[in-house]
Structure formats: structure tokens, C-alpha cells
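Fold and geometry: a report
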Amino acid sequence: MFSLPSTPLGWIDVVRSTLRLFFTSFVRALPYALVPVTLLIALAVLGMSVTDESGDRSQLLYLSAVLLLLCPALCSPLVHQIHAVAHARPMTARDSVMRGVRCFLPCLGAAAIFMLAVGGGAVLLLLPGLYLFIALSFWWIGLVVDGLPAIEALKASRRLVQGHW
């Protein structure tokens, strides 16, 4: 990593530092993003080919739900690594992957609760669904970074957003 001087920077130095920070964090986080995204795309293509063969288009809805459940669980190592980069902490790939493995089942559970809450709110009216989507959106960070249980992560997300729209 690198550090910035304590004196104010000119605009060109700010741009250079921003690009350098982005490149440093991007390169460190890229493998953690490529693996789950590749897996999710492969699952989507496989599911769509199975759906096309059977001719049942309603299976696309189920496929979408499965992909939405898997996305946070598979990308947990990415969130953990990005948090470490943002706080300039050394983090090994093994630590991030192990955090992702520990968070896999809680992420699936929290994602299911999140989807049910947002879907139920959207069925009632659009505004409750939108409110719940925003109020509960930070559950993933609480679960992966702070190590909270699924329900506590959802509650912490709501507390975080409440009064700070």
C-alpha cells in the first residue's frame, strides 16, 4: 500500500493518488471477484440451457432465486478482502477464503430472509419493498466483516439506516 502526505494535495496529485489506490485495491481484489462471478455465470448458462431444453420458462424464476442466494455467499471472501484493503491490513488469501467458508451458510440464510422480506414488502406495495430493500441492504457487511449472526446482521443493517436516509 501507500500513504498520503498530511499536507493538502493539488488536484493532479489527488487524481494520481486515487488511481494508484484504485489500482492497488483492484489488483488485490480481482481474483476474489473473478472466481465467484465465473461460477455464477456458469451456473446461469447451465440453468438456462436446461430451461431451454425442457421448455418450462418458470424455472428461470427459480434459477434467478438460486443465483441471488448464492451471490452473497460466494462473494464473501471478496468483501472480506476489500475490507482488509480499505483498512490497510495484511490479509492472506487463506484468511479471506476461510472467512467465506465460515460465512457461507449464514449468508444463504440471511439472503433468503432478505429476499423474503423485500419480496413480501414489494407484494404489499412498492414503497414497503423499497424501504426494506434499503433498510436491510447492509446485512452482508455485518455478517462477513463484523461476524454477526444472520438475524443480528439484518437488525444491525436496519439500525444503521434508520434515521440516516
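Everything that follows concerns the structure shown earlier in this document.
Since the model is a prediction, treat every value here as computed from it, not as a measurement.

**Comments concerning the packing of aromatic side chains**
By the definition in use, this model includes two aromatic pairs. For the pair Phe 114 and Phe 133, a centre-to-centre distance of 5.7 Å together with 45 degrees between the ring planes defines the contact as tilted. With a gap of 19 residues between them, Phe 114 in helix H4 (residues 93-124) and Phe 133 in helix H5 (residues 126-135) connect regions that are remote in the sequence. A relative accessible area of 13% places Phe 114 in the buried class. With a centroid separation of 6.4 Å and 40 degrees between ring planes, the pair formed by Phe 114 and Trp 139 is classed as tilted.

**Regarding the layout of surface pockets**
If you add up the space inside the largest pocket, you get close to 280 Å³. In this structure, the largest pocket is lined by Leu 68, Cys 71, Pro 72, Ala 111, Phe 114, Met 115, Val 118, Phe 133, Ser 137, Trp 139 and Trp 140. Looking at the lining of the largest pocket, the elements with two or more residues in it are helix H2 (59-74), H4 and helix H6 (139-144). If one sorts the elements of the lining of the largest pocket by residue count, H4 sits on top with four residues. Within the lining of the largest pocket, the residues separate by chemical class into ten nonpolar, one polar and no charged. For the second largest pocket, the calculated volume is near 210 Å³. Pro 31, Tyr 32, Val 35, Pro 36, Leu 39, Ala 73, Leu 74, Pro 77, Val 97, Gly 100, Val 101 and Phe 104 together form the lining of the second largest pocket.

Conventions adopted
Residues numbered from 1 in each chain as written. Predicted model: local features only at pLDDT ≥ 70, side-chain atom pairs only at ≥ 80, totals over all residues. Heavy atoms only, no water. Phe/Tyr/Trp six-rings, centres within 6.5 Å; stacked < 30°, edge-to-face > 60°. Helix = DSSP H or I, 4+ residues; strand = E, 2+ residues; numbered from the N terminus. Buried < 20%, exposed > 50% of the residue type's maximum accessible area, 1.4 Å probe, protein only. 1 Å grid on protein atoms, 1.4 Å probe; cavity = no way out; pocket = protein on both sides within 12 Å on 5 of 7 lines; lining within 4 Å. Points joined across faces, edges and corners; volume = space filled by probe spheres on them. Nonpolar A, V, L, I, M, F, W, Y, C, P; charged D, E, K, R; others polar.

What is shown is where atoms sit, not what they do.
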